[in-house]
Amino acid sequence: MQEIVIRRPDDWHLHLRDGAVLKGVLPETARHFARAIVMPNLVPPVVTAAQAGAYRDRILAALPEGATFEPLMTLYLTEGTEPADVAAAAASGLVKAVKLYPAGATTNSQSGVRDLDRVMPVLETMAEIGLPLCTHGEVTTPEVDIFDREAVFIDTVLDPLRRRLPSLRVVMEHITTEQGVAYAAEAGEGLAATITTHHLILNRNNILVGGIKPHYYCLPVAKREHHRLALRRAATSGNPRYFLGTDSAPHVDALKEHACGCAGCFTATNTMALLAHVFEEDGALDRLEGFASLHGPAFYGLPLNDGTLRLVKRDQPHAFPEKIFTEAGPITVFNPGFPVHWHVEA
Ligand code: DOR
Ligand code: ZN
């Protein structure tokens with residue numbers, strides 16, 4: 001039997017939704033994670049400090065008895081966002097980041113940004129106060145192939161923005177390409193990149209070969225194998241520029257197994273066991289704690305968690321639930337397609 005003990009981890013990119021889905025999925029994250037950066041792409045989106053405060057209250061009210069979990073709130077950047085509202089939300093400690101969705105890039109991004117010039121006053125305020133911008137880094141230009149959208153975003157949006165506003169702190173969310181890995185490696189201290197669990201496991205063949213797998217479809221879509229390998233090298237490198245953001249994104253099965261299926265992999269339930277598998281496979285178990293528990297707080301300027309998580313490798317594979325059942329319907333848990341022998345022990 002092999003075991004490791006790490007400081008309790010955080011998830012630096014998480015979708016919790018609202019109502020019945022929130023109630024169903026929150027225990028899955030709170031079981032292992034102390035904190036999470038909570039995405040604001042509800043319908044309607046979480047745009048103002050008042051909306052973020054109300055959403056935080058609904059999350060805390062949905063926590064199971066005895067659970068300790070701190071939601072770290074974000075605001076959804078729109079072309080109508082008020083710099084003063086963002087500054088007040090940050091000063092009060094309520095809001096830890098602002099999320100940039102290019103309009104049309106992904107689930108519930110219709111209210112996102114079409115013209116970056118229109119949000120420059122907000123971004124300038126954020127740069128002054130040190131509030132990070134979390135970016136969904138894909139262009140939405142119809143002519144750009146979906147597999148190229150991240151690389152084109154880096155060249156045509158992210159890099160020009162950082163030249164214009166070098167002091168803006170930026171998180172490249174859920175990077176999926178060699179170009180994303182390289183950009184983060186070369187950037188200075190004010191930039192970091194999150195990596196999801198599923199992008200360390202999937203390439204695009206997994207989605208498409210032998211029949212379409214709707215539960216492997218997410219955005220940014222998984223890329224070619226060499227990109228996945230670059231993500232593995234980055235995550236397991238020990239470089240503090242990279243840390244865990246699961247992008248666990250629950251949708252009920254009826255909306256995933258659909259003629260126009262929603263994007264998102266639901267990994268909250270088994271992420272830590274899967275990461276132990278991945279890091280062990282790459283001979284980097286000793287770097288899992290950095291990726292999941294240390295680099296994120298360092299970037300966000302937050303204290304490390306108290307408490308630990310114990311991961312144990314057993315002969316018997318982990319029997320993950322196939323689905324979790326919410327009052328809105330069943331949600332399929334990410335199935336990596338191979339046996340996982342790591343278990344998270346209480
Ligand atoms: O796969 C995804 N699902 N990517 C996103 O960017 C959004 C997310 C969601 O909210 O479902
Ligand atoms: Zn997301």
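Computed from a predicted model, the values in this text were never measured in an experiment. (Residues numbered from 1 in each chain as written. Chains lettered and ligands numbered in written order. Predicted model: local features only at pLDDT ≥ 70, side-chain atom pairs only at ≥ 80, totals over all residues. Heavy atoms only, no water.)

Caption draft 1: Examining the overall build of the protein more closely. In terms of regular secondary structure, the protein is built from eleven helices and 13 strands. For a compact globule of 346 residues, the expected C-alpha radius of gyration is about 20 Å, and the protein comes in at 19 Å, within 12% of that figure. Along the three orthogonal principal directions, the C-alpha set of the protein runs to about 55 × 45 × 40 Å. Of all 346 residues assigned to the protein, the portion counted as buried reaches 57%. (Helix = DSSP H or I, 4+ residues; strand = E, 2+ residues; numbered from the N terminus. Rg over C-alpha atoms; globule rule 2.2 N^0.38 Å. Buried < 20%, exposed > 50% of the residue type's maximum accessible area, 1.4 Å probe, protein only.)

Caption draft 2: Region of the structure containing the site of ligand 1. Close contacts around ligand 1 come from 13 residues, with Arg17, Asn41, Leu219, His251 and Ala263 the closest. Split by residue class, the shell around ligand 1 holds four nonpolar, seven polar and two charged. (Near = heavy atom within 4 Å. Nonpolar A, V, L, I, M, F, W, Y, C, P; charged D, E, K, R; others polar.)

Caption draft 3: Structural view of the environment of Ala36. The residue Ala36 is located in strand E3 (residues 35-38) in this model. With a relative accessible area of 1%, Ala36 lands in the buried category. Spatially, the C-alpha atom of Ala36 lies 4.5 Å from that of Asp11, the residues being 25 residues apart in sequence. Residues within four places of Ala36 in sequence aside, it is in contact with Asp11, Leu14, Phe69, Glu70, Pro71 and Leu72. (Contact = heavy atoms within 4.5 Å.)

Caption draft 4: Region of interest: the coordination of the zinc ion (ligand 2). Ligation of the zinc ion (ligand 2) by protein atoms is provided by His13 (NE2), His15 (NE2) and Asp247 (OD), these donors lying 2.0 to 2.1 Å from the ion. One chain supplies every donor for the zinc ion (ligand 2), spaced along it as H-x1-H-x231-D. Look at His13 and you get buried, because its relative accessible area is 1%. Note on His15: relative accessible area 8%, which makes it buried. (Donors = N, O, S within 2.8 Å, 3.2 Å for Na, K, Ca; no water.)

Caption draft 5: Geometry of the pattern of salt bridges. Applying the stated criterion across every chain yields a total of 13 salt bridges. For Glu225, the salt bridge is made with Arg228, and the minimal N-O distance between the two is 2.8 Å. Of this pair, Glu225 and Arg228 both sit in helix H8 (residues 225-235), three residues apart, which is roughly one turn of the helix. Accessibility expressed as a relative area gives 30% for Glu225, which makes it partly exposed. Among the charged side chains, a network of salt bridges with common partners joins Arg232, Glu281 and Asp282. (Salt bridge = Lys/Arg side-chain N within 4 Å of Asp/Glu carboxyl O.)

Caption draft 6: Summary view of the sheet that holds strand E4 (residues 70-76). The sheet built from eight strands is open, its strands ordered E2-E3-E4-E5-E6-E7-E8-E9 with parallel pairing. With partners counted over all chains shown, the strands left at the sheet margins are strand E2 (10-14) and strand E9 (242-244), one partner each. With strand direction ignored, the average angle separating the axes of adjacent strands in the sheet is 30°. Contacts from helix H11 (residues 288-300) reach E2, E3, strand E5 (95-100), strand E6 (133-135), strand E7 (170-172), strand E8 (191-195) and E9, with the element oriented near 115° to E9. (Pairing = 2+ DSSP bridges. Axes fitted to C-alpha atoms, helices over the stretch in contact; angles between N-to-C directions.)

Caption draft 7: Region of the structure containing H8. Every buried residue of H8 is accounted for by His227, Arg228, Ala230, Leu231, Arg232, Ala234 and Ala235. Buried residues along H8 sit in contact with helix H6 (178-186), E8, E9, helix H10 (271-281) and H11.

Caption draft 8: Structural view of the packing of aromatic side chains. Going through the model one piece at a time under the given rule, you end up with eight aromatic pairs. Each ring, one from Phe299 and one from Tyr300, has its centre 5.6 Å from the other, and the planes form 80°; the classification is edge-to-face. Judged by its relative accessible area of 8%, Phe299 is buried. Through a chain of ring-to-ring contacts, the aromatic side chains of Trp12, Phe243, Phe299 and Tyr300 assemble into a single cluster. One cation-aromatic arrangement involves Arg169 over Phe299; the distance from NZ or CZ to the ring centre is 4.3 Å. (Phe/Tyr/Trp six-rings, centres within 6.5 Å; stacked < 30°, edge-to-face > 60°. Lys NZ or Arg CZ within 6 Å of the ring centre and 35° of its normal.)

Caption draft 9: Here's a closer look at the pairing of E5. Of all six residues in E5, six are buried; the element is thus mostly enclosed. Considered for its hand, the β-α-β crossover made up of E4, helix H3 (residues 83-91) and E5 is right-handed. Two elements, E5 and E6, share three bridges in a ladder whose sense is parallel. Within E6, the position partnered with Leu100 by the bridge is Thr135. Once you follow E5 into helix H4 (residues 120-129) and on to E6, the crossover reads as right-handed. (Right-handed = clockwise from strand over helix to strand, strands pointing away.)

Caption draft 10: Expanded view of the side chain of His15. One can find His15 in the loop between E2 and helix H1 (19-30). A distance of 3.3 Å separates polar atoms of two side chains, one belonging to His15 and the other to His13. Setting aside anything within four residues of it in sequence, one finds His15 in contact with Met39, Asn41, Tyr101, Asp247, Ser248, Ala249 and Pro250. (Polar contact = N/O pair within 3.5 Å; in protein donor to acceptor, adjacent residues only side chain to side chain.)

Caption draft 11: Inspection of unusual backbone geometry at higher detail. At the junction of Val43 and Pro44, the peptide bond is cis and its omega measures out at -5° in the coordinates. Residue placement: Pro44 occurs in the loop between E3 and helix H2 (49-62). With a phi angle near 55°, Asp247 is a residue other than glycine that sits in the positive phi range. Along the chain, Asp247 falls in the loop between E9 and helix H9 (253-256).

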